[in-house]
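Descriptive structure summary
What follows is each chain in one-letter form.
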Number of protein chains: 2
Amino acid sequence: MTRERIYLFDTTLRDGQQTPGIDFSVEDKIAIAAMLDEFGVDYVEGGYPGANPTDTEFFKRKRTAQASFVAFGMTKRAGVSASNDPGLNALLAAASDAICLVAKSWDYHVSVALGCTEDENLESIRASVEAVVASGREAMVDCEHFFDGYKANPAYATACARAALQAGARWVVLCDTNGGTQPSEVREIVSAMIAAGVPGARLGIHAHNDTGQAVANSLAAVEAGVRQIQGTLNGIGERCGNANLVTLIATLGLKETYSGCFETGIDAERLQELTELAHAFDELLNRSPDPQAPYVGASAFATKAGIHASALLKDPRTYEHVAPESVGNLRKVMVSDQGGKANFINALKRRGITVGKDDPRLDKLISIVKEREATGYAYEGADASFTLLANRILGTVPDFFHVESFRVMVERRFDANGNLKTVSEAVARVIVDGETMMSVAEGHGPVNALDLALRKDLGKYQSEIADLELADYKVRILNGGTEAVTRVLIESTDRTGARWWTVGVSDNIIDASFQALMDSIVYKLLKNRDQVGLVAAE
Amino acid sequence: MTRERIYLFDTTLRDGQQTPGIDFSVEDKIAIAAMLDEFGVDYVEGGYPGANPTDTEFFKRKRTAQASFVAFGMTKRAGVSASNDPGLNALLAAASDAICLVAKSWDYHVSVALGCTEDENLESIRASVEAVVASGREAMVDCEHFFDGYKANPAYATACARAALQAGARWVVLCDTNGGTQPSEVREIVSAMIAAGVPGARLGIHAHNDTGQAVANSLAAVEAGVRQIQGTLNGIGERCGNANLVTLIATLGLKETYSGCFETGIDAERLQELTELAHAFDELLNRSPDPQAPYVGASAFATKAGIHASALLKDPRTYEHVAPESVGNLRKVMVSDQGGKANFINALKRRGITVGKDDPRLDKLISIVKEREATGYAYEGADASFTLLANRILGTVPDFFHVESFRVMVERRFDANGNLKTVSEAVARVIVDGETMMSVAEGHGPVNALDLALRKDLGKYQSEIADLELADYKVRILNGGTEAVTRVLIESTDRTGARWWTVGVSDNIIDASFQALMDSIVYKLLKNRDQVGLVAAE
């Protein structure tokens, strides 16, 4: 059976950048492009080179290995030749495999926003596409406001699409820029375009979520014949967001209505990493994943209802539209803790810790982890803290040292010269082999000061932790409001190049940081002794 | 022109109660039922009397004035007469105008979950509906798993619906219980039902959001002929949620495709309270509203892009699918480093600040904002800090008070009883009218302690800030690693219900928090004087 190919075009780095509160650095863009590339989307649109320093820098090199790397920009202005248009030249100078040009296709916008004639706009589209093709790149055109334009003047909107295709554009993307078009209208308009001879195999859809139907609009367009979908990770984007590519990937891959006749570049095996992809992206944005997100949310396969829960016991599939494992997610009714237990045994085995299925200490470890996760700990992001906890429960961890007390002080005042300054100072009282060491340090902030004080004098262990470095520090406020709980994640490294993550949770950020710092130091000491993962069951 | 009536059925209090993390008290239910009743939905489903003490208590009285008050429960068990079924009797004993019975319509579920014959199930539906009708109430039947059931055995699923209607049910509601059905399938199945003679005017749709298409499925069903929609406020519900009634109300009322041929019980005037309804519900749940929610989100009409923003100035409608006022929301052109001068002027105008295009102070403001955003400030998420800054640069802000110094201390040590405890204490030295106030406070962490100390004694302003509350606190570490810079965003509120965001940035988290706290207090004082936005150009 031959299935038609649907091309996935990710615009997280371009249209997603319009999300209020989201601003990607060049490093963020490099990391996200790599995630998308590895996952298998066909096109990664990186931004608008020439429009701002970040995007210009990002486009100095090609940033994908498999995926087509796409630069976004505008068609040339009317009255200027393509070769004399500075915007178009900046675009052509960028390192990219393809260029996506945005063009007006609503007659009203051509006159109001561009202030040129309809024919001049068609000529701009044609000449710009030709310039892209001449540069050896794949050309595509985003027809802005296509659906509103089509409703106002179908002949002109269609003419814009045709002009792009005739000039050599691989794709013409129909954009619902304002996001207000309904699925039935998308279906109707796309069908009419195709009936009029525009090839669906060269059409794409770009939908926004202003009526909560960006996914439905994208699928309606596919059913009507388009073969490229533009969207973003977790549906970020201007206003209410773009079409959620994560949801679309799962639906196209798992729903027989689509998977029976279409295929994407993402196979069933890769699909099992979808939840991880969605969560890794939120992690990068430092925001909590939406628990109710389709397919990948923590609640997507959670059942609370008594009646449903008991039916789930009889046959999970009767209350699940797809198997949670198919997208790398988990069912959340504790059918029996056997399932949970097997997971734990595997997780421990991966860390070199073998433990018997019936060892009562395993039950103790599971219940402690569950209890802590309920209060905000996130062990999946803090491997070293998990390993340390497992070592403590299943075996022993030496009492290398003991922090008897610490004190952190932040003071803001005017100094003798009348300059405002803020000073952070920490004092730690550490006992090693019965001997008390008091250390004091200043830092950039209270956590930095505490970190420096704790590691200033560990007696006989001091030389061992000389190469320990704090590489990253993340804070997340859980719950929010006055009941806020703070979770701190710390990434550490040493001269061997090893990296490890530790976690701390408290209603006090200093306390949470202290826990994570302590775990990091102890983990380093265990690691130096090759004692990580050595607490096998007897 | 006669438009057909679409009936809105709210199940926030019943199916919405299945949302992980949401548990309504009787008082919550009373408050929510009143909100829905006043807003104008047709049916308010209150819960499942007899299933738990809350719902039984809630159904001791009718809780709506205009809307039909609906009790939910199961059809009688097979082998028992309706009058001898304790569940059905509890349901009939509850104070309600209507009863919604859930019934199996998937042959597989009848045998697996109910363990009875297909005919026994039909008989249960019939007898239960008759008992409801005999009690003088409106009867309706939720056909659970209807679409999956129809795919497996269309004749039996249809027979269940017919049995309910023949027994006198006003409505048969087609439920996509697992949430995996696609809009095209909903359309097809509903059309087939109606073609087979089932009257669309007596059919309803109950959709879930497991593929992100609950709204689209509801609208597809309406287009195919159903006339009742079940949904919840803000789309809460089990797993990924139910159809979002807020979104549906706006789309049905504002999109010509629907408003041209259908009407609901909610008129255009009431629709202008939609944003307020959505936010009031989140308030009751004690959660921050989703800024990207269709129609009602804070970002739903926000524009960040420079090109779009300048077009918006020319004609707002060209970049808005509906007018924000039609749903009681606001246009928001955000300040961000992507914006040009026109954006700034417009952003200031929105805040009541008029400034001339050539006023040199405007250039100063723009350069300060850009400079600060480059160091990590995010004014688009901190409206109050932006307003304050604009007031300071373009006009004047009174020196209400001056914080001469502060000191924050966090200490962790063993107390006299050998228990480990962490204490956070802050001291602030504030000068008001030449008089120095020293305040000290303990808090859950250093930021909480500082907040309490700063607001403990502001002299003559103290009574004015008594109702100021910190509603949310967010921290983001920018850059990461040792060069880390911390950005703090604080959401404040007061008894007027106003909410405002302030920002602080520093390599010291306490310093960053201090800046945001100070902005919040000063903004509150300006706001009390109606001086926000009063610094017009001369």
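Residues numbered from 1 in each chain as written. Chains lettered and ligands numbered in written order. Predicted model: local features only at pLDDT ≥ 70, side-chain atom pairs only at ≥ 80, totals over all residues.

- As recorded in an unreviewed UniProt entry, chain A goes by the name Citramalate synthase, listed as coming from Sinorhizobium alkalisoli.
- In its Pathway (unreviewed entry) section, the UniProt record describing chain A reads: "Amino-acid biosynthesis; L-isoleucine biosynthesis; 2-oxobutanoate from pyruvate: step 1/3."
- According to UniProt, the comment filed for chain A under the heading Sequence similarities (unreviewed entry) is "Belongs to the alpha-IPM synthase/homocitrate synthase family." (UniProt positions renumbered as here; feature names shortened; annotations may be inferred.)

1. Focus: the overall build of chain A
- Helix and strand content of chain A: 19 helices and 16 strands.
- On the principal axes, the C-alpha backbone points of chain A span a range of 85 × 75 × 40 Å.
- Taking all 538 residues of chain A together, the buried fraction comes to 49%.
- Taking all contacts inside chain A whose residues are at least 6 apart in sequence as the whole, residues at least 24 apart take part in 67%. (Helix = DSSP H or I, 4+ residues; strand = E, 2+ residues; numbered from the N terminus. Buried ≥ 20, exposed ≤ 12 C-beta atoms within 10 Å, placed from the backbone. Contact = placed C-beta atoms within 7 Å.)

2. Considerations on the packing of helix α16 (residues 360–374) of chain A against helix α17 (residues 383–394) of chain A
Residue and element names in this part refer to chain A.
- Taken N-terminus to C-terminus, the directions of α16 and α17 make an angle of 140°; their axes are 9 Å apart at the nearest point. Taken together, the axes of α16 and α17 lie oblique to each other. As for how α16 packs across α17, the hand of that crossing is right-handed. In contact with R361, K364, L365 and I368 of α16, α17 contributes L389, A390, I393 and L394.
- For the contact of α16 with α17, the per-class residue count stands at six nonpolar, no polar and two charged. (Axes fitted to C-alpha atoms, helices over the stretch in contact; angles between N-to-C directions. Parallel < 35°, antiparallel > 145°, perpendicular 65-115°, else oblique. Left-handed = near helix turned anticlockwise from the far one by under 90°. Nonpolar A, V, L, I, M, F, W, Y, C, P; charged D, E, K, R; others polar.)

3. Digging into the pairing of strand β6 (residues 138–144) of chain A
Residue and element names in this part refer to chain A.
- Burial analysis of β6 places six of its seven residues in the buried class, which makes it a mostly covered element.
- The sheet contact formed by strand β5 (residues 98–104) and β6 spans seven bridges and is parallel. Following the sheet pairing, V102 is matched in β6 by D142.
- Across four bridges, β6 lies against strand β7 (residues 171–175) in parallel orientation. Residue pairing in the sheet places D142 in a bridge with V173 of β7. (Pairing = 2+ DSSP bridges.)

4. Let's talk about the sheet that holds strand β3 (residues 43–47) of chain A
Residues and elements named next belong to chain A.
- Pairing is parallel around the closed barrel formed by eight strands, whose spatial order is β2-β3-β4-β5-β6-β7-β8-β9. In this sheet, neighbouring strand axes are inclined to one another by 25° on average, regardless of whether the strands run parallel or antiparallel.
- Relative to strand β9 (residues 228–231), strand β2 (residues 7–10) runs parallel, the two sharing four bridges. Counterpart to F9 in the pairing with β9 is Q230.
- This element, helix α1 (residues 26–39), spans β2 and β3 of the sheet and lies at about 170° to β3.

5. Examining the domain arrangement of chain A
Residue and element names in this part refer to chain A.
- Each assigned domain of chain A is listed with its residue range as follows: domain 1 (4–266), domain 2 (352–400 + 458–538) and domain 3 (409–457).
- The centre of domain 2, based on its C-alpha atoms, is set 24 Å off from the matching centre of domain 3.
- On the side of domain 3, twelve residues touch domain 2, which itself brings 14 residues to the contact.
- Listing elements by their share of the side of domain 2 that touches domain 3, those giving two or more residues are β14 (469–478) and α19 (509–528).
- Broken down by element, the residue count for the side of domain 2 that touches domain 3 peaks at five residues, all from α19.
- Of the residues that constitute the side of domain 2 that touches domain 3, the class distribution is ten nonpolar, three polar and one charged. (Domains from an automatic or database assignment.)

6. Considerations on helix α9 (residues 214–224) of chain B
- Among the eleven residues of α9 of chain B, eleven are classified as buried, and the element is accordingly described as predominantly covered.
- For α9 of chain B, the full list of buried residues reads A214, V215, A216, N217, S218, L219, A220, A221, V222, E223 and A224 of chain B.
- Residues of α9 of chain B that are buried in the fold lie against α8 (183–195) and α9 (214–224) of chain A together with α8 (183–195), β8 (203–206), β9 (228–231) and α10 (245–254) of chain B.

7. Focus: the sheet that holds strand β2 (residues 7–10) of chain B
All names here are of chain B.
- Overall, parallel pairing links the eight strands, which are arranged β2-β3-β4-β5-β6-β7-β8-β9 in a closed barrel. Adjacent strand axes in the sheet meet at a mean angle of 25° when their direction is disregarded.
- Its contacts with the sheet put helix α5 (residues 118–134) on β5 (98–104) and β6 (138–144), and the angle it makes with β5 is roughly 175°.

8. Comments concerning the nonpolar core
- V141 of chain A together with V141 of chain B are the most contacted members of the largest nonpolar core, which totals 198 residues.
- In this structure, I353 and A453 of chain A together with A382 and A449 of chain B belong to the second largest nonpolar core, which totals 107 residues. (Core = buried A, V, L, I, M, F, W, Y, C linked by C-beta atoms within 7 Å.)

9. Some remarks on the interface of chain B and chain A
- Contact with chain B, which involves 89 residues of that partner, is made by 83 residues of chain A.
- Tallying contributions element by element places strand β13 (residues 402–414) of chain B first for the side of chain B that touches chain A, with nine residues.
- Residue classes in the side of chain B that touches chain A are distributed as 33 nonpolar, 36 polar and 20 charged.
- Direction of pairing for strand β11 (residues 402–414) of chain A relative to β13 of chain B: antiparallel, over a ladder of seven bridges. In the sheet register, V410 of chain A faces β13 of chain B, and the bridge partner there is V408 of chain B.

10. Structural notes on the environment of A169 of chain B
- Examined against the element boundaries, A169 of chain B turns out to sit in the loop between α7 (154–166) and β7 (171–175).
- On the basis of neighbour count, A169 of chain B is assigned to the buried category, with 27 C-beta atoms found within 10 Å.

11. Quick word on the pairing of strand β3 (residues 43–47) of chain B
All names here are of chain B.
- Along β3, five of the five residues are buried, which leaves the element largely enclosed by surrounding structure.
- Inspection of the sheet shows β2 paired to β3 by two bridges, in the parallel sense. Following the sheet pairing, F9 is matched in β3 by Y43.
- In this fold, β2 hands off to helix α1 (residues 26–39), which returns the chain to β3; that crossover is right-handed.
- Relative to strand β4 (residues 68–74), β3 runs parallel, the two being bridged by four bridges. Within β4, the position partnered with Y43 by the bridge is S68.
- A crossover connection joins β3 to the parallel β4 through helix α2 (residues 53–58); in handedness this β-α-β unit is right-handed. (Right-handed = clockwise from strand over helix to strand, strands pointing away.)

12. Side note on the confidence of the model for chain A
Residue and element names in this part refer to chain A.
- In the predicted model, chain A carries a mean pLDDT of 90, and the fraction of residues at 70 or more is 94%.
- Note on residues 334–339: pLDDT under 50 across the span, and two contacts to partners over four residues away in sequence or across chains.
- Overall fold confidence for the complex sits at a pTM of 0.76, while the interface term, ipTM, reaches 0.76. (pLDDT = per-residue confidence, 0-100.)

13. Overview of α10 of chain B
- The buried count for α10 of chain B comes to ten of ten residues, which makes it a mostly enclosed element.
- Within α10 of chain B, the full set of buried residues consists of L245, V246, T247, L248, I249, A250, T251, L252, G253 and L254 of chain B.

14. Examining the environment of T354 of chain A
Residues and elements named next belong to chain A.
- Following the sequence through the fold, T354 ends up in the loop between α15 (337–350) and α16.
- Residue classification places T354 among the partly exposed residues on the basis of 13 C-beta atoms within 10 Å.
- Counting along the chain gives 40 residues from T354 to L394, while the straight-line C-alpha distance between them is 9.6 Å.

15. Focus: the packing of helix α5 (residues 118–134) of chain A against helix α7 (residues 154–166) of chain A
Residues and elements named next belong to chain A.
- As a packed pair, α5 and α7 sit with axes 8 Å apart at the nearest point and diverge in direction by 25°. Of the possible angle classes, the one that applies to α5 and α7 is roughly parallel. Classified by chirality, the crossing of α7 by α5 is right-handed. Contacts between α5 and α7 involve E118, L122, I125, R126 and V129 on the former and, on the latter, Y156, A159, C160, A163 and A164.
- Residues that form the contact of α5 with α7 fall into these classes: eight nonpolar, no polar and two charged.

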